[in-house]
Amino acid sequence: MSLRCRFWKSLITETYTQAEIATLCRFRWEDTIEGVVMSIPLLPNEMIENQERALSLLHRAYRIGLAKYGNIDAVGLGSLCSVVASRGVELQKIIPVPVTTGNAATAWCMYAHIQKRNISDPIAVLGSLSPVGQVLCRLLHQAGYELRVDKKRAAKKYGWNHGEPEDIVREASLVIGCGPTGPVLDGQALLPNAEVIDVALPGSIQGFVHNMVYQGEGMSMPVSWKRGFWGPLYHLVSGYGWNTVLACLIEPLIVVSLGRKEGLALGSKIDPQAVLDFGGEAKRLGFEPKLIVHRMG
């Protein structure tokens, strides 16, 4: 965290305060919308264990951004920031601009990747009760796909088969990972020809696998996407590559571009239409979903 925020004293003291809230980099779409990526000084376990402090730092980051950069039209929550404090709901209560978690963007990328494939056998969904998992299952059901899910409550409404992760992947050539809690499936349980598209952080699969495993929330950047000095480095450090941007990073941009007065995703429920609205506007602005090879044997 010290290296990312460039606060070297914290490398020695291992203490983080509001003073370590930092701007990581800035982006711009054409000359009309600018985005600022800010980091709050908490590690993942600290955010989960002390969510009141995380919320306080998120609010402070918003106020610092307001003071430093002027008018703010939307706030996007990336990574674990989108999980704590009721998935953005508590932050939305105390700031006047739309808060959006990035989950609508993530769900749309997954939906777009699946639509590009010619799939006739069942699709296995891990993390089917997560916000992304729930809305993705609804969209896939509406599109006529047959699903196998890992939670009984997710299966009940639509009459799908459900079971433990090792059971539902036995006949699936495509496995979707949407869970928020980390590895839930031993890679040895996958069919030899199965592919995995995963948006879980940490990932859904554990152990060595011979299968192709993709990260599914990357997007290619249009020529109108401009990066400041630290922008390219941020793309590399984030692990998605030089010319790839995270879908969750684009979601607040889309909120602003659409002129919305509320976020596209907030809390545990996501409107399927909000996911489709994101996709339509993202494509209009030149962003396309992009699979990133995560791991293969």
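Look above for the structure.
From a predicted model like this one, the values you see are computed outputs, not experimental measurements.

We now examine the pairing of strand S10 (residues 195-198). Relative to S10, strand S8 (residues 174-177) is paired through four bridges, and the arrangement is parallel. In the strand pairing of S10, Val-175 is matched with Val-196. Two strands pair when backbone bridges link them, and S10 and strand S12 (residues 212-220) are joined in this way by four bridges, in the parallel orientation. Bridge assignment links Asp-198 to a residue of S12, and that residue is Gln-215.

General note: in soluble globular proteins, nonpolar side chains tend to be found buried as a group. Membership of the largest hydrophobic core comes to 57 residues, with the highest contact counts inside it found for Met-219, Trp-225 and Phe-287. It is helix H7 (residues 103-115) that contributes the most residues to this core, nine residues altogether. In this structure, Leu-58, Leu-77, Leu-80 and Leu-91 belong to the second largest nonpolar core, which totals 21 residues.

So, on to the environment of Asp-277. Note on placement: Asp-277 falls in helix H13 (residues 272-285). Using a relative accessible area of 28% as the deciding quantity, one classes Asp-277 as partly exposed. For the pair Asp-277 and Val-255, spaced 22 residues apart in the sequence, the C-alpha separation amounts to 9.7 Å. With residues up to four places along the chain from it excluded, the contact list for Asp-277 reads Leu-258 and Arg-260.

Bringing the sheet that holds strand S1 (residues 22-29) into the picture now. Taking strand neighbours across the sheet as the criterion, the three strands line up as S2-S1-S13 in an open arrangement whose pairing is antiparallel. With partners counted over all chains shown, the strands left at the sheet margins are strand S2 (33-39) and strand S13 (225-227), one partner each. For this sheet, the mean angle separating the axes of adjacent strands, direction not counted, is 25°. When S1 meets S13, the two strands line up antiparallel, connected through three bridges. For Arg-28, the partnering residue across the bridge sits in S13 and is Lys-226. On top of the sheet, helix H12 (residues 247-258) reaches S1, S2 and S13; it is set at about 145° to S2, its chief contact.

At their nearest, the axes of H7 and H13 sit 8 Å apart, and the two run at 75° to each other. For the element pair H7 / H13, the angle class is roughly perpendicular. In this structure, H7 contributes Ala-104, Ala-105, Ala-107, Trp-108 and Tyr-111 to the contact, and H13 contributes Val-275, Leu-276, Phe-278, Gly-279 and Lys-283. Its residues assigned to classes, the contact of H7 with H13 comprises eight nonpolar, one polar and one charged.

Basis of the calculations
Residues numbered from 1 in each chain as written. Predicted model: local features only at pLDDT ≥ 70, side-chain atom pairs only at ≥ 80, totals over all residues. Heavy atoms only, no water. Pairing = 2+ DSSP bridges. Helix = DSSP H or I, 4+ residues; strand = E, 2+ residues; numbered from the N terminus. Core = buried A, V, L, I, M, F, W, Y, C linked by side-chain atoms within 4.5 Å. Buried < 20%, exposed > 50% of the residue type's maximum accessible area, 1.4 Å probe, protein only. Contact = heavy atoms within 4.5 Å. Axes fitted to C-alpha atoms, helices over the stretch in contact; angles between N-to-C directions. Parallel < 35°, antiparallel > 145°, perpendicular 65-115°, else oblique. Nonpolar A, V, L, I, M, F, W, Y, C, P; charged D, E, K, R; others polar.

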